[in-house]
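# Secondary and tertiary structure notes
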Amino acid sequence: MSQNGAPVDIGASRPAEVVRVEGLTKVFPNGVRALSGVDLEVRQGEFLVIIGLSGSGKSTLLRCLNRLIDPSAGRIWIFGDEITAVEGAGLRAMRAEVAMIFQQFNLVKRHSVINNVLSGALGHTPLWSSLLLRFSGEEKAQAQAYLDRVGLGDRGDSRADALSGGQQQRVAIARALMQKPRLVLADEPVASLDPALRHSVMRHIEALNREEGMTVLCTLHDIDLIERYATRVVALRDGELVYEGEPKSFDAVTFHQIYGEDAVMAGSAVD
Amino acid sequence: MEISAELQRQQRSPWRHRMRQVQAFLIDLLLLTLFLLMVEFLVVAFSGRRGPTGLLVTPEEILDLLHYGWAAAGGALLALLWGFGSDWLGTSPGRALVLGVPEREGHRPWTHTLRGWFIALMVQLTVFTGWLITEVQLVTFLTQFSKATDIVRGLVHPSSTVLHQGLVLLVQTIFLAFMATAFAIPVAFCLSFLAARNLTRDTFLLRSAYTLVRAGMNFTRAVEPLVWALIFISWVGIGPFAGVLALWVHSVAALVKLYSEQIENIDHGPVDAITATGASHLQVLRFGVVPQVIPPFLSFTIYRWDINVRMSTIIGFVGGGGIGYILKPRVDLGQWGEVGTLVLLIAATVWCMDILSAKIRERIV
């Protein structure tokens, strides 16, 4: 599986390694050091929540994993293959297996909802027909099924920007499903949504993890969401990994270690 | 592979940094040389010096007299001094433009920096010098209107003799402008992606294409449509097709500029999202970029058609077809009534185009 020198998994009882990161460092051209020497390992089926203040490097970490951002140093393996420096077709093949969900949904606003879902299949569709926005009947049926699943089956023909924020994020989840990924990166998926809608979106992401067996890496802020959905929590502070543990053991003390003394735990029973 | 492309770029950067310092110096050199030249210009202009004819020197004669070499040498010296003395003098304009203002100076109001005073002075000098060079004569402008009454009277008393021919050529003008715009759209559309900075950073090939397209379009745009018309009249002969080609070339250049600016302003979110699905570059353009730029592209294209209708009048003057073709001889012969008819026809068309294009743009943006 790993030709590129990734450590070979010996403990056969443990689930397969999905993400492995060693010494990941990102220094932006303007000198900002977003990540310094992050080591991380994620195994099949985990719902890993990454927390930390804005600017702590959470988003950069996720974007390095699908190479929307090129790391400055360090190595990354996805499903056992090193992807730190792959380019071209290899890079696209890796991206096709890794879906991403964004804070701002990032739908193509002027396209229909169904087209947005279909765009998830771009990694697999023939180039020319996709440029003409032509997808196969099978793909269309699949997209419709995923839309039904996120409860928007009747909105396929609406323009994406006619939908509310929560609905747009569900379309983005359907787009991720369309990609049939093995790994899902969710970058603050509920941060720009009304608190009342957060669970409705998070439950769909949870379904990707529980029902589809996709491994999920998700950045979150609210403590109640972390307790409810995470199987493991890691925290970043100033680009360094400062905490790793079970969501149960995540309490007020660790919270303040990560966020600083002035922070108030949002939506928390622990105070 | 321990070191990624990013770090390699940073290691290459000393060279780039030096290039930027040179750029900054050249801008300072240019500004300071201009400054010295304008000061000299004004000193000579107000010194009461007499030219070869014994009369006061004209602005054109002064431009001939200026010491360009000395000014450039002085400008270079001052630019060097400002560059090395920036600790005491503050950042020079060129450095501020190319390298940015350092943090410690960032919040000072312009009245507290030499750069601020220098730029303010430059603006004033430019206005004064411009006033003299273009020979602005306010008094004549305000008192000598009567000399132009003949023309104005003709314009408001249009003659009906050219109305029929005018209408026929007006139709030709509108189609001429339309064809030029239509031919320009596909070419400009394709080139504009290569002329957008945000899409051409990744590889050396793309960066070269960017520079090439930008330079080519700037040159094309800088050449007057009138000159293009003369070129194409020699090429395909007198008539509307030469006009179509002239406006086509100019429209391509103008549209590439407008289109590419729109591409540079897109929301990068959808581009990230489509890239993250494993889509290829063309698919990312098709899904992430094109839907965002279609409305502004349409709006600019209609605007361009509007401009082309106006420009085709001038193109007609030199034989490029359209209504300008019959306008020119009547201007030369002073048949102001007939000129008035044609001008009113053009004005009515431009007015209609303007209303139409405003309405359409309102709808699609």
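This one's a predicted model, so the numbers in the text were calculated from it and none came from an experiment.

### A short note on the overall build of chain B
Helices and strands together make up the secondary structure of chain B, namely 16 helices and zero strands. A compact globule built from 365 residues would reach a C-alpha radius of gyration of about 21 Å, whereas chain B, at 27 Å, exceeds it by more than 25%. Taking all 365 residues of chain B together, 39% fall into the buried category. The contacts of chain B with a sequence gap of at least 6 include a subset with a gap of at least 24, amounting to 71%. Of the accessible surface of chain B, which amounts to about 20900 Å², a share of 69% is contributed by carbon and sulfur atoms.

### Examining the pattern of salt bridges
Residue and element names in this part refer to chain A. Scanning the entire structure with this criterion turns up 26 salt bridges over all chains. Between Arg149 and Glu212 there is a salt bridge whose closest N-O contact spans 2.8 Å. With a gap of 63 residues between them, Arg149 in helix α5 (residues 137-149) and Glu212 in the loop between α7 (195-210) and β8 (215-219) connect regions that are remote in the sequence. Under the relative-accessibility criterion, Glu212 is labelled partly exposed at 37%.

### Points about unusual backbone geometry
All names here are of chain A. With a phi close to 65°, Phe105 is a non-glycine residue in the positive phi region. With respect to the secondary-structure elements, Phe105 resides in the loop between β6 (98-101) and α3 (113-118). At Asp238, a position not held by glycine, the phi torsion is positive, near 50°. Along the chain, the position of Asp238 falls in the loop between β9 (232-237) and β10 (240-245). Judged by its relative accessible area of 61%, Asp238 is exposed.

### Here we look at the interface of chain A and chain B
Listed as interface residues are 40 residues of chain A and, on the opposing side, 26 residues of chain B. Of the roughly 2700 Å² buried where chain A meets chain B, counting both sides, 59% is carbon and sulfur surface. Contact with chain B buries area across many residues of chain A, yet Arg110(A), Leu122(A) and Leu131(A) alone supply 19% of it, more than any other trio. Where chain A meets chain B, there are two salt bridges. Two residues, Arg63(A) and Asp272(B), come together in a salt bridge whose shortest N-O distance is 2.9 Å. Applying the counting rule to chain A against chain B returns seven residue pairs in polar contact (both at pLDDT 80 or more). Of the residues that constitute the side of chain A that touches chain B, the class distribution is 19 nonpolar, twelve polar and nine charged.

### Structural notes on the confidence of the model for chain A
Reading fine detail from the predicted coordinates is not recommended where pLDDT is low. With 92% of its residues at a pLDDT of at least 70, chain A reaches an overall mean of 88. Note on residues 267-271 of chain A: pLDDT under 50 across the span, and six contacts to partners over four residues away in sequence or across chains.

### What about the sheet that holds strand β5 (residues 81-82) of chain A?
Residues and elements named next belong to chain A. In spatial order, the strands read β2-β1-β4-β5; together these four strands make up an open sheet with antiparallel pairing. Two strands in the sheet have a free side with no partner beyond their single neighbour: β2 (33-43) and β5. Pairing between strand β1 (residues 17-27) and β2: seven bridges, direction antiparallel. Of the residues in β2, the one forming a bridge with Lys26 is Leu35. Helix α1 (residues 58-65) contacts β1, β2 and β4 (73-78) of the sheet and is inclined by roughly 60° relative to β2.

Criteria and thresholds
Residues numbered from 1 in each chain as written. Chains lettered and ligands numbered in written order. Predicted model: local features only at pLDDT ≥ 70, side-chain atom pairs only at ≥ 80, totals over all residues. Heavy atoms only, no water. Helix = DSSP H or I, 4+ residues; strand = E, 2+ residues; numbered from the N terminus. Rg over C-alpha atoms; globule rule 2.2 N^0.38 Å. Buried < 20%, exposed > 50% of the residue type's maximum accessible area, 1.4 Å probe, protein only. Contact = heavy atoms within 4.5 Å. Areas by Shrake-Rupley, 256 points an atom, 1.4 Å probe, with all protein chains shown as cover. Salt bridge = Lys/Arg side-chain N within 4 Å of Asp/Glu carboxyl O. Buried area = accessible area lost by both parts, 1.4 Å probe. Polar contact = N/O pair within 3.5 Å; in protein donor to acceptor, adjacent residues only side chain to side chain. Nonpolar A, V, L, I, M, F, W, Y, C, P; charged D, E, K, R; others polar. pLDDT = per-residue confidence, 0-100. Pairing = 2+ DSSP bridges. Axes fitted to C-alpha atoms, helices over the stretch in contact; angles between N-to-C directions.

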